[in-house]
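# Chains, contacts and geometry: an overview
Listed below are the residues making up each chain.
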Amino acid sequence: MKKQMRDENLMKISELADRSVTDSSVANVLLCYMLYRVNQPLESELLYDIAVTGGIINYFTFQDALQSLQTNGSVTVNTNEKGEMTYTLTEKGVDCARKLKTFAAKSYRDHIVLAAKREIARRRNRDSVKIDYIPLETGCQLHVHFTDQSLTLLELTLFTPDRKQAELLGEKILSNPSVFYNHVLEAAMHNEAEPFDLSDN
């Protein structure tokens, strides 16, 4: 009986942890805290992808929270050099992030900050890494083109059984292309010819 109750409680906790935020006040704090931790303006599309597409904040709650933060002066809306709408945290927003962060559970704070940092890194990496998926009659090719400004550092084509696996590899590479590049160099440097057994010669 005790084990059954414990398992039921763990299931309820798990469901709560997976549930997106629907409380506007909590969403306000989460967005302020995330902008505070990444310490840079974020494009509207990027902010949406982190919070809503990532399943952290409910769509309608997100819209309400953004409007509220603009109205109360916690964020300002600007346009960057690409013509994209960006959100920047004000001093009032910083104050909210510092003083009210515990109003949002640590699990949600950790989740949204980690999601933001990963997505920012992934988008930054796309400037130096181009990945193409080339469908074949059987399988798919993953083509990786790694550059530093105009210099090509690495160009690599890998075969995968299907597009899904190619995209999985592509996401792994994009998550940290510098480490991937170093691993390729390291593997090449430590690669050795196959040893042959000559003991019966």
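Calculation criteria
Residues numbered from 1 in each chain as written. Predicted model: local features only at pLDDT ≥ 70, side-chain atom pairs only at ≥ 80, totals over all residues. Heavy atoms only, no water. Core = buried A, V, L, I, M, F, W, Y, C linked by side-chain atoms within 4.5 Å. Buried < 20%, exposed > 50% of the residue type's maximum accessible area, 1.4 Å probe, protein only. Helix = DSSP H or I, 4+ residues; strand = E, 2+ residues; numbered from the N terminus. Contact = heavy atoms within 4.5 Å. Expected span 1.5 Å × (residues − 1). pLDDT = per-residue confidence, 0-100. Phe/Tyr/Trp six-rings, centres within 6.5 Å; stacked < 30°, edge-to-face > 60°. Disulfide = S-S within 2.5 Å. Pairing = 2+ DSSP bridges. Arc of directions from axis to C-beta. Polar contact = N/O pair within 3.5 Å; in protein donor to acceptor, adjacent residues only side chain to side chain.

## Re the nonpolar core
One finds L31, L42, I57 and I112 to be the most contacted residues of the largest nonpolar core, which totals 35 residues. Among the elements of the structure, α2 (24-38), α3 (44-53), α4 (59-71), β3 (85-89), α5 (91-100) and α6 (106-125) are those that each provide at least two residues to this core. At 10 residues, the largest contribution of residues to this core is made by α2. Among all residues touching L31, those that are not within four sequence positions of it are L47, A51, I57, F62, A65, L66, L69 and I112. Core analysis: the next-biggest nonpolar cluster, separate from the first, contains 11 residues, V129, L142, F146 and L154 among them.

## Description of α6
Its 20 residues give α6 an end-to-end C-alpha distance of 28 Å, which sits within 8% of 28 Å, the value for a rise of 1.5 Å per residue. Buried within α6 we find Y108, R109, I112, V113, A116, E119, I120, A121, R122 and N125.

## Observations concerning the confidence of the model for the chain
Of all residues in the chain, 91% have pLDDT values of 70 or greater, and the mean over the chain is 86. Predicted confidence for residues 9-18 stays below pLDDT 50, and this span has two contacts to residues more than four positions away or in other chains.

## Quick word on the packing of aromatic side chains
Taken as a whole and judged by the stated rule, the model has five aromatic pairs. On the numbers, 6.4 Å between centres and 45° between planes, the contact of Y33 with Y36 is tilted. Linking Y33 with Y36, this pair stays in helix α2, spanning three residues, or about one helical turn. Owing to a relative accessible area of 9%, Y33 belongs among the buried residues under this scheme.

## Topic: the state of the cysteines
One pass over the full model with this rule turns up zero disulfides. Free cysteine: C32, not disulfide-bonded; nearest cysteine sulfur from C96 at 3.9 Å. For C32, a relative accessible area of 0% gives the class buried.

## Digging into the sheet that holds strand β1 (residues 42-43)
The strand order across the open sheet formed by three strands is β1-β3-β2, and the pairing between neighbours is antiparallel. Since the sheet does not close on itself, it has two edges, and those belong to β1 and β2 (75-79), each with one partner.

## Points about the pairing of β2
Where a strand is regular, its side chains alternate between the two sheet faces. Pairing of β2 with β3, which is carried by five bridges, proceeds in the antiparallel orientation. Paired with V77 across the two strands is Y87, which belongs to β3. Turn length for the β2-β3 hairpin, with the two strands adjacent in sequence and antiparallel, is five residues, and the turn residue G83 shows positive phi of about 80°.

## Re helix α7 (residues 163-175)
The terminal C-alpha atoms of α7 lie 18 Å apart, and with 13 residues this matches the ideal 18 Å at 1.5 Å per residue to within 8%. Regarding α7, the residues found buried are A166, G170, I173 and L174. Along the long axis of α7, the arc covered by the buried residues comes to 95°, so they all point the same way. Exposed and oriented more than 90 degrees from the buried face of α7 are K164, L168 and K172. Looking at the buried side of α7, the elements it contacts are α6, β4 (129-135), β5 (140-148), β6 (151-160) and α8 (177-190). For α7, the side-chain oxygen to backbone nitrogen distance between the N-cap and K164 is 3.2 Å, and the N-cap itself is D162.

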